[in-house]
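If you want the building blocks of each chain, they are given just below.
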Amino acid sequence: LVALFSSAIICTVLTHIFPADFDWSDFRVIPAIEADDSATLSIQEKAGLDKVFKYTVWTGVGLGSVLLIVWPLLTLPAGVFTQGYFTFWVILSIIWGL
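Residues numbered from 1 in each chain as written. Predicted model: local features only at pLDDT ≥ 70, side-chain atom pairs only at ≥ 80, totals over all residues. Heavy atoms only, no water.

Participant: It is not clear to me how the overall build of the chain should be interpreted in this structure. Could you clarify?
Facilitator: When helices and strands are counted, the chain shows three helices and zero strands. In the chain, the order of α-helices and β-strands from amino to carboxyl end is α-α-α. Since a compact globule built from 98 residues should have a radius of gyration of about 13 Å, the 22 Å found for the chain marks it as more spread out than a globular shape. In terms of principal-axis extent, the alpha carbons of the chain reach across some 65 × 45 × 20 Å. Summing over all exposed atoms, the chain offers an accessible surface of approximately 9100 Å²; the carbon and sulfur share of this is 73%. Charged side chains in the chain number 4 positive and 8 negative. The centres of these two groups are separated by 15 Å. (Helix = DSSP H or I, 4+ residues; strand = E, 2+ residues; numbered from the N terminus. Rg over C-alpha atoms; globule rule 2.2 N^0.38 Å. Areas by Shrake-Rupley, 256 points an atom, 1.4 Å probe, with all protein chains shown as cover. Lys, Arg positive; Asp, Glu negative; His and termini not counted. Charge placed at Lys NZ, Arg CZ, Asp CG, Glu CD.)

Right under this line is the structure:
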């Protein structure tokens, strides 16, 4: 949980300390998609986007559940980590990150 929320806190604090000099009117130059006649989707393209969206949502929910619930629960049977078990856990985390 610290990893999830610390980045939001750090970004917010640093943004207030070192604000960027950005001209938000630059966004008004970008044309709206409603103004573009060629920006319509066919039924097949919409179906494909819906399929990819569902896959992305389920993958995000699944991976989030594994990382936030299952992964920490796997440490409970070990109780207090021995040095060997901690080494195994660190190596497993590094391999997962690769």
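Participant: Would you mind showing me how to read the environment of Leu-63 here?
Facilitator: For Leu-63, the position within the fold is in helix H2 (residues 43-73). By relative accessible area, which is 43% here, Leu-63 ends up partly exposed. Spatially, the C-alpha atom of Leu-63 lies 26 Å from that of Val-80, the residues being 17 residues apart in sequence. (Buried < 20%, exposed > 50% of the residue type's maximum accessible area, 1.4 Å probe, protein only.)

Participant: In this structure, what is going on with the packing of H2 against helix H3 (residues 83-97)? I would like to understand it.
Facilitator: Each pair of packed helices can be summarised by the angle the axes make with each other and by the distance between the axes. With their axes 15 Å apart at the nearest point, H2 and H3 run at an angle of 175° to one another. Considering the angle they form, H2 stands roughly antiparallel to H3. Touching Leu-63, Val-66, Leu-67 and Trp-71 of H2 are Trp-89, Leu-92, Ser-93 and Trp-96, all from H3. (Axes fitted to C-alpha atoms, helices over the stretch in contact; angles between N-to-C directions. Parallel < 35°, antiparallel > 145°, perpendicular 65-115°, else oblique. Contact = heavy atoms within 4.5 Å.)

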